[in-house]
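Structural overview
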Amino acid sequence: MKIVGISAFYHDSAASLVQDGNIIAAAQEERFTRKKHDFNFPNHAIRYCLDEGGLKARDLDLLSSMTNHSLNLSGFLRPI
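Attention here is on the structure that accompanies the text. (Residues numbered from 1 in each chain as written. Predicted model: local features only at pLDDT ≥ 70, side-chain atom pairs only at ≥ 80, totals over all residues. Heavy atoms only, no water.)

It is worth spelling out the overall build of the chain at this point. Tallying secondary structure elements over the chain gives 3 helices and 4 strands in all. Scanning the chain from its N terminus toward the C terminus, one meets helices and strands in the order β-β-β-α-α-β-α. Looking at the chain as a whole, 26% of its 80 residues qualify as buried. Sequence-distant contacts, at least 24 apart, represent 50% of the contacts inside the chain between residues at least 6 apart. When the accessible surface of the chain is totalled, it reaches about 5700 Å², and 55% of it is carbon and sulfur. (Helix = DSSP H or I, 4+ residues; strand = E, 2+ residues; numbered from the N terminus. Buried < 20%, exposed > 50% of the residue type's maximum accessible area, 1.4 Å probe, protein only. Contact = heavy atoms within 4.5 Å. Areas by Shrake-Rupley, 256 points an atom, 1.4 Å probe, with all protein chains shown as cover.)

Structure representation (structure tokens):
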């Protein structure tokens, strides 16, 4: 199974590639953009991981995204 995991939009965006339970590649977006603590979508990091694994996006079995529910829900929650 080939899985790409991503973390984005709040601190140190990154991507990783895991294949059959083994870590093939992992990188933070700031490595490519030279922008410290880059929180944008990790396009470059994803491309790096796929290249390291010799894969195209269509070869993936799963794309997983890490999320911080407290940040995502903060716009919906109101103090009582």
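Turning to its location among the elements, valine 18 is positioned in strand 2 (residues 14–19). Valine 18 gets classed as partly exposed once you look at its relative accessible area, which sits at 26%. In this structure, the C-alpha to C-alpha distance between valine 18 and methionine 1, residues 17 residues apart in sequence, is 8.0 Å. Those residues within four positions of valine 18 in sequence are excluded, and the remaining contacts are Met1, Lys2, Ile3 and Ile23.

Right, let's talk about the pairing of strand 1 (residues 2–7) for a bit. Judged from the 6 bridges that link them, strand 1 and strand 2 form a sheet pairing that is antiparallel. Note that in strand 2 the partner of valine 4 across the bridge is leucine 17. Counting the residues between successive antiparallel strands, the hairpin from strand 1 to strand 2 contains 6 residues, one of them, phenylalanine 9, with a positive phi of roughly 80°. As defined by bridge partners, strand 1 adjoins strand 4 (residues 62–66) across 5 bridges and the pair is classed as parallel. Bridge pairing in strand 4 links isoleucine 3 to leucine 62. (Pairing = 2+ DSSP bridges.)

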